[in-house]
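# Coordinates in review
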Amino acid sequence: MTRGGAARRRVRAPRAVVVAAALGAAFILVPFAGLLRQVRWASFAADLGGPARSALLLSLASAVAATALALVLGAPLAWVLARMDFRGRALLRALVTLPMVLPPVVGGAALLAAYGRSYGLLGRWLFDTAGVQLTFSWWGVVVAEAFVAMPFLVLALEGGIASVDRRYEQAAATLGAAPTTRLALVTTRLLLPSLAAGLALAWARALGEFGATITFAGNIEARTRTAPLAVYLLLESDPRAAYALSAALVAVCVSVLVVLRGRWWGTRR
Amino acid sequence: MTVGLELDGEIRRGDFVLRASLRVGDETVALTGANGAGKTTLLHAIAGLVPLAAGRLAVGARDATGAAGAAGYTVLDAPDAPSAPFVPPHRRGVAMVFQDHLLFPFLDARDNVAFALRRAGVARGEARARAEAALADYGVAHLARARPGRLSGGEAQRVALARALVGGPQIVLLDEPLAALDAAARRDNRALLRERLAAIRGPKLLVTHDREDLAALCAREYRLERTTGFEPATLTLAR
């Protein structure tokens, strides 16, 4: 039994609210029912072969890479936002979380203007000096996904860092731990639950990324065509494959919810 | 030659100002005073978790003439001095026992104790062996593999004492170590603490509200007077 089990109060809710709540739940659940009805389970493996399969694998891999990039760039940022007091912190936080609320296509356009090969703010220099071209490449997919996913990681980690009991770090200091040791052995360890939640959220967001990806990295089969792009295209040409791929993505996302379980539903009231 | 802790200084936290002048030799001295008078803040300043705003904090030995700078004498914090020396907490050789223990929840009792030894460069295997021996000294050998969440208050405190004192500290700071315990555990742990503190040479400072702790453990008492308005809180030698 969870903590809430014994203490949960039986509230007699007004009937109208219960009906409205049921409608709300149905609004979310009916599309999934429809989706699952369209899947041809007998030929599921075959439907999920060929282009659908390569898009799914490409998506899983690029989402992992994007999450890693978001972690490397986002963790120090979360630490600075949580721990340092400086002028403009609120503004910085707002700007960093902008990709969460921005239309993804606009994010893609911004990435193009920054890293595009011919006229990008940095892209031209990147290509001339290092020969690196992000647009229409797999790394472009990774950059686009990381751009939209990083705010989720930063916010989850920042909340975690802010709620760490700093007295554990003080205790570690009196036990002879230098600042970097305290960060590595104490703070990071206390942060693992927030880190897991942030990584799962960022990875799920990266996996579902569509607008920024197609705008910045294009839609090249087996190079930049991710699973969401493939679903969109296959709905026209091969609906059975599209629905099989969709069901696979639903399964992946349900697993992410399971990872977050206990943290976001269940133990938390 | 006297070994000891010398503090003449001022600590500030926001609007709160504390002025303290204290000498602790090879003895256990009580630090008393009302809640909010700044007892914990004073311990934090000695541990280096809070810097002094003014004055001087030093530890060690002076020679017969009383000259500073003798062997083993270290200035820990002196913001007014030209070089403004400040020894960070992890290099002060302080042992601090916190009121709610602050055992790392992700390590078992043995690894909590081994943490301090590992930071001093002891190899993992040896650190664990010495941690187990230390836990045995504090009567909690059977709890070596238990996580802090499973320990009672009295047990957690014994582990916390073992952890803080295992490295052979040069200053011992105890922040109401017995306050959170029930009567029986309090009596047992007080006897243990008395025995252990007697075995450690150097200055030992104990924050307490309890007259029995004071009588059983401490040679002298400093009292922090809480003040109102703009007057700083001050430390005076009681009795």
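Residues numbered from 1 in each chain as written. Chains lettered and ligands numbered in written order. Predicted model: local features only at pLDDT ≥ 70, side-chain atom pairs only at ≥ 80, totals over all residues.

What follows covers the overall build of chain A. Along the backbone of chain A there are 14 helices and zero strands. With the principal axes as the frame, chain A shows a C-alpha extent of 65 × 65 × 35 Å. Here chain A, with 269 residues, has 37% of them falling under the buried criterion. Here the contacts in chain A between residues at least 6 apart in sequence split such that 75% fall between residues at least 24 apart. (Helix = DSSP H or I, 4+ residues; strand = E, 2+ residues; numbered from the N terminus. Buried ≥ 20, exposed ≤ 12 C-beta atoms within 10 Å, placed from the backbone. Contact = placed C-beta atoms within 7 Å.)

On to the overall build of chain B, then. Looking only at helices and strands, one finds six helices and 10 strands in chain B. For 239 residues, the compact-globule estimate of 2.2 N^0.38 gives 18 Å, and chain B sits close to it at 18 Å. For chain B, the spread of C-alpha atoms along the three principal axes comes to 50 × 40 × 35 Å. For chain B, the proportion of its 239 residues judged to be buried stands at 43%. Considering only contacts within chain B whose residues lie at least 6 apart along the sequence, 66% involve residues at least 24 apart. (Rg over C-alpha atoms; globule rule 2.2 N^0.38 Å.)

Residue and element names in this part refer to chain A. In this model, helix H7 (residues 104–115) (12 residues) spans 16 Å end to end at C-alpha, consistent with the 16 Å of a helix rising 1.5 Å per residue. All buried positions along H7 are accounted for by Pro104, Gly107, Gly108, Leu111, Leu112 and Tyr115. Each buried residue of H7 sits inside an arc of 145° when the element is viewed along its axis, so together they form one side. Those residues of H7 hidden inside the fold are in contact with helix H6 (98–101), helix H8 (123–130), helix H9 (138–163) and helix H12 (211–216). (Expected span 1.5 Å × (residues − 1). Arc of directions from axis to C-beta.)

Okay, the interface of chain B and chain A next. Counting residues at the interface gives 17 residues for chain B, matched by 13 residues for chain A. Broken down by secondary-structure element, the contributors of at least two residues to the side of chain B that touches chain A are strand S6 (94–97) and helix H2 (109–119) of chain B.

Our next topic: the pairing of strand S3 (residues 28–33) of chain B. Residue and element names in this part refer to chain B. Here S3 lies mainly inside the structure; six of its six residues are buried. Bridge analysis of S3 against strand S8 (residues 204–207) gives four bridges, and the strand direction is parallel. Pairing of Ala30 across the sheet is with Leu206, part of S8. As defined by bridge partners, S3 adjoins strand S9 (residues 220–225) across five bridges and the pair is classed as parallel. In the sheet register, Val29 faces S9, and the bridge partner there is Arg220. (Pairing = 2+ DSSP bridges.)

A word on the packing of H9 of chain A against helix H11 (residues 179–208) of chain A. The relative placement of two packed helices is expressed as an angle between their axes plus a distance between the axes. All names here are of chain A. With their axes 8 Å apart at the nearest point, H9 and H11 run at an angle of 160° to one another. One way to sum up the angle between H9 and H11 is to call them roughly antiparallel. Handedness of the H9/H11 crossing: right-handed. Facing Glu145, Ala146, Val148, Ala149, Met150, Phe152, Leu153, Ala156, Leu157, Gly159, Gly160 and Ile161 of H9, the residues of H11 in contact are Leu191, Ser194, Leu195, Ala197, Gly198, Leu199, Leu201, Ala202, Arg205 and Ala206. Broken down by class, the residue content of the contact of H9 with H11 amounts to 16 nonpolar, four polar and two charged. (Axes fitted to C-alpha atoms, helices over the stretch in contact; angles between N-to-C directions. Parallel < 35°, antiparallel > 145°, perpendicular 65-115°, else oblique. Left-handed = near helix turned anticlockwise from the far one by under 90°. Nonpolar A, V, L, I, M, F, W, Y, C, P; charged D, E, K, R; others polar.)

In terms of nonpolar packing, the biggest core is built from 114 residues, with Leu153 of chain A together with Ile46, Val113 and Leu173 of chain B touching the most fellow members. The dominant element in this core, judged by the number of residues it contributes, is H9 of chain A, at 16 residues. Leaving out residues up to four positions away in the same chain, Leu153 of chain A has contacts with Ala70, Leu71, Gly74, Gly198, Leu199 and Ala202 of chain A. The next biggest cluster of nonpolar side chains, apart from the first, holds 17 residues, and it includes Leu56, Ala242, Ala244 and Leu245 of chain A. (Core = buried A, V, L, I, M, F, W, Y, C linked by C-beta atoms within 7 Å.)

Residue and element names in this part refer to chain B. Within the chain, His101 stands out as a residue other than glycine whose phi angle is a positive 70°. On the secondary structure map, His101 appears in the loop between S6 and H2. Of note, Leu102 is a non-glycine position whose phi angle comes to about 55°, a positive value. Summarising the element assignment, Leu102 is placed in the loop between S6 and H2.

Residue and element names in this part refer to chain B. Turning to its location among the elements, Pro177 is positioned in the loop between strand S7 (171–175) and helix H5 (183–199). The exposure class assigned to Pro177 is buried, which follows from the 25 C-beta atoms found within 10 Å. Beyond its immediate stretch of four places on either side in the chain, Pro177 contacts Val97, Gln157 and Leu193.

Residues and elements named next belong to chain A. Following both chains from N to C, one finds H11 and helix H14 (residues 239–260) inclined at 165°, their axes separated by 9 Å at the closest point. Comparing their axes, H14 and H11 come out roughly antiparallel. Judged by the sense of rotation from one axis to the other, the crossing of H11 with H14 is left-handed. For the pair H11 and H14, contact is made by Ala196, Ala197, Ala200, Trp203, Ala204 and Leu207 and by Val252, Cys253, Val256, Val259 and Leu260, respectively.

Turning next to the confidence of the model for chain A. All names here are of chain A. Averaged over chain A, the pLDDT score is 90; the fraction of residues at 70 or greater is 94%. Considering only residues more than four positions removed or in separate chains, one finds that residues 1–6, a stretch of pLDDT under 50, has five contacts. In this model residues 265–269 is a low-confidence stretch, pLDDT under 50, and it forms seven contacts with partners more than four residues away in sequence or in other chains. (pLDDT = per-residue confidence, 0-100.)

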